[in-house]
Structures are given as structure tokens and as C-alpha cells.
Amino acid sequence: AFEPPAEGRSKVVLIGDSITESWRGTQQGLKVRRAKGVPEVLRTTLASRWPSPTVLAISGDQTQHVLWRLKNGELPQEMASEAHVV
């Protein structure tokens, strides 16, 4: 469930394809060697400014699919009003 960010903190939602999913260290939801070390890069870069970024990504996804899901409610309204979507 979505939790509003703490006072003075910003939430970031990262939406995309396999490149974005690799920030979780996965491909199609499974841990893969190809993404080894990528979650640490996320923690030392974006997450150092915006703790606990939410990664909503699917390997093989396409722009039109992402846009359709966003338009049709994949991102809860509470999260959309509180988060920066990248």
C-alpha cells in the first residue's frame, strides 16, 4: 500500500522497460546476473536523494503500453498526487 512521503521527502516512481526493471536486479520478475550491481547504483544515485524509489517496470514493455496503463489507473491516485513519476 502507498505511504505518503515523510515531511520534506519526495517519492519517486520509475516506470519503464527492461532497463528500468534492472534497477530492481530482475528481468521479468526473476533475479538475473545481467543486472548484478544495478540496484546498488540506484541506491547510491537516485535513492540517495529520493529514498526508496518505487520501480514499476516490465521487461519488453513498450511506450504505448506504459502510457495506456498510466492513463487507465495503474498508478493509484494517492501516489500520483504525492510522487514524481519518471
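The following refers to the structure shown. (Residues numbered from 1 in each chain as written. Predicted model: local features only at pLDDT ≥ 70, side-chain atom pairs only at ≥ 80, totals over all residues. Heavy atoms only, no water.)

### Brief notes about the overall build of the chain
Put simply, the test is: The secondary structure listing takes helices from DSSP runs of H or I that are at least 4 residues long and strands from runs of E that are at least 2 residues long, numbered from the N terminus. Under the scheme applied here, a residue whose accessible area is under 20% of the maximum for its type counts as buried, over 50% as exposed, and between as partly exposed, the area being computed with a 1.4 Å probe on protein chains only. Residues are treated as being in contact if the distance between any of their heavy atoms lies within 4.5 Å. Note that accessible areas follow from Shrake-Rupley with a 1.4 Å probe, and for residues the cover is restricted to the protein chains shown.
Along the chain, the regular secondary structure elements total 5 helices and 5 strands. For the chain, with 86 residues in total, the buried portion stands at 31%. Sequence-distant contacts in the chain: of pairs separated by 6 or more residues, those separated by 24 or more amount to 63%. Accessible area for the chain stands at about 6,000 Å²; split by element, carbon and sulfur atoms hold 54% of it.

### Looking at the pairing of strand E1 (residues 11–16)
Of all 6 residues making up E1, 6 are buried, and the element is well covered by its neighbours. By the alternation rule, side chains of E1 split into Lys11, Val13 and Ile15 and Val12, Leu14 and Gly16, which are all buried.

### Concerning the environment of Val55
Here Val55 shows up in strand E4 (residues 54–57). Val55 gets classed as buried once you look at its relative accessible area, which sits at 11%. Through-space distance from the C-alpha of Val55 to that of Arg24 is 7.0 Å; in sequence the pair is 31 residues apart. In this view, Val55 contacts Leu14, Thr20, Glu21, Arg24 and Leu42; residues no more than four positions away in its chain are not counted.

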